[in-house]
Amino acid sequence: MKIQYIGHSAFKISHDNYSILIDPFITGNPMAAKVDLNLNDILVTHAHGDHLGDSIEISRKTKIPVTAIFELANYCAKHGANAQGINMGGKIPYSWGHAMWLPASHSSGTPDGQYGGVPSSILVNMGGVSVYHAGDTGLHYDLKMVGELYKPDISLLPIGGFYTMGIDEAVQAAKWLGSKKIIPMHYNTFPSIKVDANEFKQKIEAIGVECIILKPGEWFQF
Ligand code: NI
Ligand code: MN
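Residues numbered from 1 in each chain as written. Chains lettered and ligands numbered in written order. Predicted model: local features only at pLDDT ≥ 70, side-chain atom pairs only at ≥ 80, totals over all residues. Heavy atoms only, no water.

Undergrad: Give me a nonpolar patch on the surface: which residues, what numbers.
TA: On the surface, a cluster of nonpolar side chains totalling about 290 Å² of accessible area is made up of Met88, Tyr115 and Val118. Within the secondary structure layout, valine 118 lies in the loop between strand S8 (97–103) and strand S9 (120–126). (Patch = residues over 30% accessible without salt bridge, like charges linked within 9 Å, V, L, I, M, F, W, Y side chains within 5 Å. Areas by Shrake-Rupley, 256 points an atom, 1.4 Å probe, with all protein chains shown as cover. Salt bridge = Lys/Arg side-chain N within 4 Å of Asp/Glu carboxyl O. Helix = DSSP H or I, 4+ residues; strand = E, 2+ residues; numbered from the N terminus.)

Have a look at this one:
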């Protein structure tokens, strides 16, 4: 299993001949890497433009299915995407494994002001590895539940502050999740979320957890 950082909160996860994209914010993302659209599925955490991103456009062109919370999926379908609506806590089966949408403490409206359902995080299981994408979120106690029940092998956590938790809260989230490896996301894309990722790395490594800082385009092989 391998993970490519596209930039912001966008990641590609691949195993064997399968690939998925999470939160594909490419157009308008000043740090986005080039994305290979050879994909099985697109998974979306919430409706904000920097997460829904290019999902509708890609799906319209390629028919690649977009999975999102029911209300957001309906919005995507209305705009021509091949969308699958799901909801919190269900184990969704895929050709490449399974995924589960879980809580996030945030908001969720589409760029044109429509209701996007609830915001979420996503737990992906592919190739026997579990990857937890925390979405946009403040620190919340359900992260402890995710750690206790699902023990994700690797967690992707926002650290930029302002719209999400910042460095110190993300360190606490990492403690609760119990993952051995953490990849920071949602920082330095815009001036309001500029932070020092090395400060996060030092604090994460001080609790005995590996911190993997990826540049847009870089892969991490699990
Ligand atoms: Ni957001
Ligand atoms: Mn965001």
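Undergrad: Report on the coordination of the nickel ion (ligand 1), specifying residues and quantitative values.
TA: Those protein atoms acting as donors to the nickel ion (ligand 1) are His46 (NE2), His48 (ND1), His106 (NE2) and Asp136 (OD), and they sit at 2.2 Å. In this structure, the nickel ion (ligand 1) is surrounded by four donor atoms whose angles at the metal cover 91 to 172°, and the resulting shape is irregular. In the primary sequence, the donor residues of the nickel ion (ligand 1) line up as H-x1-H-x57-H-x29-D. Separating the nickel ion (ligand 1) and the manganese ion (ligand 2) is a distance of 3.4 Å, and aspartate 136 donates to both of them. With a gap of 90 residues between them, histidine 46 in the loop between strand S4 (41–43) and helix H1 (49–52) and aspartate 136 in the loop between strand S10 (129–133) and helix H4 (142–150) connect regions that are remote in the sequence. Histidine 46 sits in the buried class, given a relative accessible area of 1%. Overall, aspartate 136 belongs to the buried group, its relative accessible area being 2%. (Donors = N, O, S within 2.8 Å, 3.2 Å for Na, K, Ca; no water. Tetrahedral: all angles 85-135°; square planar, octahedral: opposite > 155°, others 65-115°. Buried < 20%, exposed > 50% of the residue type's maximum accessible area, 1.4 Å probe, protein only.)

Undergrad: Account for the sheet that holds strand S5 (residues 66–69), with residues named and values stated.
TA: Spatial strand order, S6-S5-S4-S3-S2-S1-S14: seven strands in an open sheet with mixed pairing. Every other strand in the sheet has two partners, leaving strand S6 (83–86) and strand S14 (219–221) as the edge strands with one partner each. Averaged over all pairs of adjacent strands, the angle between their axes in this sheet comes to 25°, without regard to strand direction. Sheet topology note: the strand S1 (residues 2–7)/strand S2 (residues 10–15) ladder contains five bridges and is antiparallel. (Pairing = 2+ DSSP bridges. Axes fitted to C-alpha atoms, helices over the stretch in contact; angles between N-to-C directions.)

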